[in-house]
Amino acid sequence: MASYEQLFENNRNWVASKLATNKEFFEKIAREQHPDYLYIGCSDSRVTAEDLMGVEPGEVFVHRNVANLVNATDLNVMAVINYAVRHLNVKHIIVCGHYNCGGVKAAMQPVDMGILNPWLRNIRDVYRLHKTELNNIKDVEQRYRRLVELNVEEQCINVIKLASVQQTYVEKGFPVVHGWVFDLKTGYLKDLNLDFVKILKDIREIYNLTGTNWDEKK
Ligand code: CO
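Residues numbered from 1 in each chain as written. Predicted model: local features only at pLDDT ≥ 70, side-chain atom pairs only at ≥ 80, totals over all residues. Heavy atoms only, no water.

Requested: an account of the nonpolar core, with residues and values cited.
Leu38, Ile81, Ile93 and Val159 are the most contacted members of the largest nonpolar core, which totals 47 residues. For this core, the leading source of residues is helix H8 (residues 140-160), giving 9 residues. In this structure valine 159 touches Ile40, Val70, Ile81, Ile93, Val95, Val165 and Val177, once residues within four positions along its chain are discounted. Among the nonpolar cores identified, the runner-up in size contains 9 residues, and Ala49, Ile94, Cys96 and Trp180 belong to it. (Core = buried A, V, L, I, M, F, W, Y, C linked by side-chain atoms within 4.5 Å. Buried < 20%, exposed > 50% of the residue type's maximum accessible area, 1.4 Å probe, protein only. Helix = DSSP H or I, 4+ residues; strand = E, 2+ residues; numbered from the N terminus. Contact = heavy atoms within 4.5 Å.)

Explain the coordination of the cobalt ion to me, and be specific about the residues and the numbers.
Every protein donor of the cobalt ion is listed here as Cys42 (SG), His98 (NE2) and Cys101 (SG), and their distances to the metal cover 2.1 to 2.3 Å. Ordering the donors of the cobalt ion by residue number gives the pattern C-x55-H-x2-C. Placement of the pair is cysteine 42 in strand E1 (residues 37-42) and histidine 98 in strand E3 (residues 92-98), with a sequence separation of 56 residues. Accessibility classification places cysteine 42 together with histidine 98 in one group, the buried group. (Donors = N, O, S within 2.8 Å, 3.2 Å for Na, K, Ca; no water.)

Please set out the side chain of threonine 210 residue by residue, giving values where relevant.
Considering the arrangement of structural elements, one finds threonine 210 in the loop between helix H10 (196-207) and helix H11 (214-217). A polar contact is formed between the side chain of threonine 210 and the side chain of asparagine 208, at a distance of 2.8 Å. Not counting the four nearest positions on each side in its chain, threonine 210 is found in contact with Gln166, Gln167 and Val170. (Polar contact = N/O pair within 3.5 Å; in protein donor to acceptor, adjacent residues only side chain to side chain.)

How would you summarise the sheet that holds strand E2 (residues 60-65) if you had to cite specific residues and measurements?
Judged by pairing direction, the sheet is mixed, and its 5 strands sit side by side in the order E2-E1-E3-E4-E5 without closing on themselves. Taken across any chain shown, the strands that pair with only one partner, and hence form the sheet edges, are E2 and strand E5 (189-191). Put simply, the sheet's adjacent strands are angled 25° from each other on average, direction ignored. Here E3 pairs with strand E4 (residues 176-182) via 7 bridges, running parallel. From the neighbouring strand, histidine 92 faces E4, where its bridge partner is valine 176. Where helix H4 (residues 75-86) meets the sheet, it contacts E1, E2 and E3, and its direction lies at approximately 170° from that of E2. Packed onto the sheet, H8 meets E1, E3, E4 and E5 and runs at close to 160° relative to E4. (Pairing = 2+ DSSP bridges. Axes fitted to C-alpha atoms, helices over the stretch in contact; angles between N-to-C directions.)

Can you tell me about the pairing of E3, naming the residues and giving the values?
Counting buried positions along E3 yields 6 of 7 residues, so the element is predominantly enclosed. Pairing geometry for E1 and E3, over 5 bridges, is parallel. The residue of E3 that forms the bridge with leucine 38 is isoleucine 93.

So what's going on with the packing of aromatic side chains? Which residues, and what values?
In total, this model carries 5 aromatic pairs according to the counting rule given. Ring geometry for tryptophan 14 versus phenylalanine 26: centroids 5.5 Å apart, planes at 70°, classification edge-to-face. In this pair, tryptophan 14 sits in helix H1 (residues 4-21) while phenylalanine 26 sits in helix H2 (residues 25-31), placing the two residues 12 residues apart along the sequence. With a relative accessible area of 24%, phenylalanine 26 lands in the partly exposed category. Ring centres 4.9 Å apart and planes at 85° place the aromatic pair phenylalanine 25 and phenylalanine 26 in the edge-to-face group. Owing to a relative accessible area of 11%, phenylalanine 25 belongs among the buried residues under this scheme. Here a set of aromatic residues connected by ring pairs shows up, and it is made of Trp14, Phe25 and Phe26. Note that lysine 91 overlies the ring of phenylalanine 174, its terminal NZ or CZ placed 4.7 Å from the centroid. Stacked on the ring of tyrosine 99, the Lys or Arg arginine 145 has its end atom at 3.9 Å from the ring centre. (Phe/Tyr/Trp six-rings, centres within 6.5 Å; stacked < 30°, edge-to-face > 60°. Lys NZ or Arg CZ within 6 Å of the ring centre and 35° of its normal.)

Dropping the structure here:
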């Protein structure tokens, strides 16, 4: 584990390594950002965003919270998505969960978690929506893994419910929303291959905020 002092030493080494390959690295990133990706992931210290995707500063706009939740009353995540879609024009929005997620695990326990209760409630709601499927999985570990995946899927749907995402997609053909799960035990990312266009079409009966008939567009 790195000591507190070590962090600054690491930082100086990092600056040196960046400048060694590109003398203008920091001047370039200081000018502006044009990330193609918005990444919404878990705060878990083991699930880094840039590292696991192998991307550099400037390539991905990042939001992380406990259990990668997208809640319409969370001003933080709403502001991040709005800025990323309307101002940065990101082409892809990724919601990335991970197996062994403590937040998801906590939501499966009958325990009072204090201030975390209303936050974890979002995951309990995902469980309720998919209760039949989840309860049919007898192995607790497998059920836990499936809830991680379903939580990602539901948070993707929450992203797709937003006016900024719907309107920009109908107008420009992006952003596309993706659901991923990171496997801590192997280091690999798994694409859940969600059908973005199908989800978009399925939810429009109730959540259409575009003021247009999408059938005429697509
Ligand atoms: Co987590």
